[in-house]
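Observations on the three-dimensional arrangement
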Amino acid sequence: MSDALSLPANPLLALRAAILTVLSGDAELGRLMGGEVRIHDEPPRGAAPVYALFGPAEMRDDSVDGALRHTHRLGLILFARPGSSRSAIEAAGRAAALLHEALLSPAGHALSVLRVESLACTRDERSGETRAILTLQAVTERLPTS
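Notes on the structure follow. (Residues numbered from 1 in each chain as written. Predicted model: local features only at pLDDT ≥ 70, side-chain atom pairs only at ≥ 80, totals over all residues. Heavy atoms only, no water.)

Within the chain, the regular secondary structure consists of three helices and five strands. Tracing the chain from N to C terminus, the helices and strands come up as α-α-β-β-β-α-β-β. With respect to the principal axes defined by its C-alpha atoms, the chain has extents near 55 × 30 × 25 Å. Counting only residues that meet the buried cut, the chain has 38% of its 146 residues in that class. The contacts of the chain with a sequence gap of at least 6 include a subset with a gap of at least 24, amounting to 57%. When the accessible surface of the chain is summed, it comes to about 8,500 Å², and 51% of that surface belongs to carbon and sulfur atoms. Distance between charge centres in the chain, computed from 15 positive and 17 negative side chains, equals 6 Å. (Helix = DSSP H or I, 4+ residues; strand = E, 2+ residues; numbered from the N terminus. Buried < 20%, exposed > 50% of the residue type's maximum accessible area, 1.4 Å probe, protein only. Contact = heavy atoms within 4.5 Å. Areas by Shrake-Rupley, 256 points an atom, 1.4 Å probe, with all protein chains shown as cover. Lys, Arg positive; Asp, Glu negative; His and termini not counted. Charge placed at Lys NZ, Arg CZ, Asp CG, Glu CD.)

Another point: the sheet that holds strand β3 (residues 69-79). Taken in spatial order, the five strands make up an open sheet running β1-β2-β3-β5-β4, and their pairing is mixed. Edge positions in the open sheet fall to β1 (39-40) and β4 (109-123), since each of these has one partner strand only. Pairing of β1 with strand β2 (residues 51-61), which is carried by two bridges, proceeds in the parallel orientation. In the sheet register, Ile39 faces β2, and the bridge partner there is Ala52. Contacts from helix α1 (residues 11-24) reach β1, β2, β3, β4 and β5 (130-142) within the one sheet, and its direction differs from that of β3 by about 45°. (Pairing = 2+ DSSP bridges. Axes fitted to C-alpha atoms, helices over the stretch in contact; angles between N-to-C directions.)

Here we take up the pattern of salt bridges. Scanning the model with the defined rule gives nine salt bridges in all. Taking the shortest distance from any N to any O, the salt bridge between Asp41 and Arg16 comes out at 2.1 Å. Linking Asp41 in the loop between β1 and β2 with Arg16 in helix α1, this pair joins segments that are 25 residues apart in sequence. Here Arg16 falls in the buried class, since its relative accessible area comes to 17%. Note that Arg60 is salt-bridged to Glu58, the shortest N-O span being 2.6 Å. Accessibility expressed as a relative area gives 52% for Arg60, which makes it exposed. Assessed through its relative accessible area of 35%, Glu58 is described here as partly exposed. A cluster of three or more residues bridged by salt bridges with shared partners is formed by Asp124, Glu129 and Arg131. (Salt bridge = Lys/Arg side-chain N within 4 Å of Asp/Glu carboxyl O.)

Here we come to the side chain of Ser87. Tracing the chain through its elements places Ser87 in helix α3 (residues 85-99). In this view, Ser87 contacts Val50, Ala80 and Arg81; residues no more than four positions away in its chain are not counted.

Right, let's get into the nonpolar core. If you look at the biggest cluster of nonpolar residues, it comprises 31 residues, and the most contacted ones within it are Ile19, Leu23, Met33, Leu76, Leu78, Leu104 and Leu114. Of all the elements in the fold, those that place two or more residues in this core are α1, α2 (27-32), β2, β3, α3, β4 and β5. The leading source of residues in this core is α3, at seven residues. In this structure, Leu78 is in contact with Met33, Tyr51, Ala52, Ala88, Ala91, Ala92, Thr130, Arg131 and Ala132, ignoring residues within four places of it in sequence. (Core = buried A, V, L, I, M, F, W, Y, C linked by side-chain atoms within 4.5 Å.)

Structure representation (structure tokens):
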């Protein structure tokens, strides 16, 4: 019989939590985001940029020889202050520097690799908002349970 609390965390959610922990602890990123690191799952109502959202994510099974391994591709979208594409690009650049090959500890998993795949900048045609999109690649492996 298995207790839900004893099961290892979902690999994608564990990775996102580890990313959030690293980014939230960085004073420079907080300064670039207007005083504190603000990363959300959904767009916050009435929040002024610069803030970030966890964007599209994909997790694929990549298990080998009984090891439960997953490859991940996930995005972090940073919204710029009005009239300042630079505000999002600088914050995304700082996040990239913190995350590229970082030694994160996702709950219940070992992180084999974390790389920045790309940093892109786009402007929403309807709102005119500039967004910097950081795309990450990672590989996690479930740790054995005791």
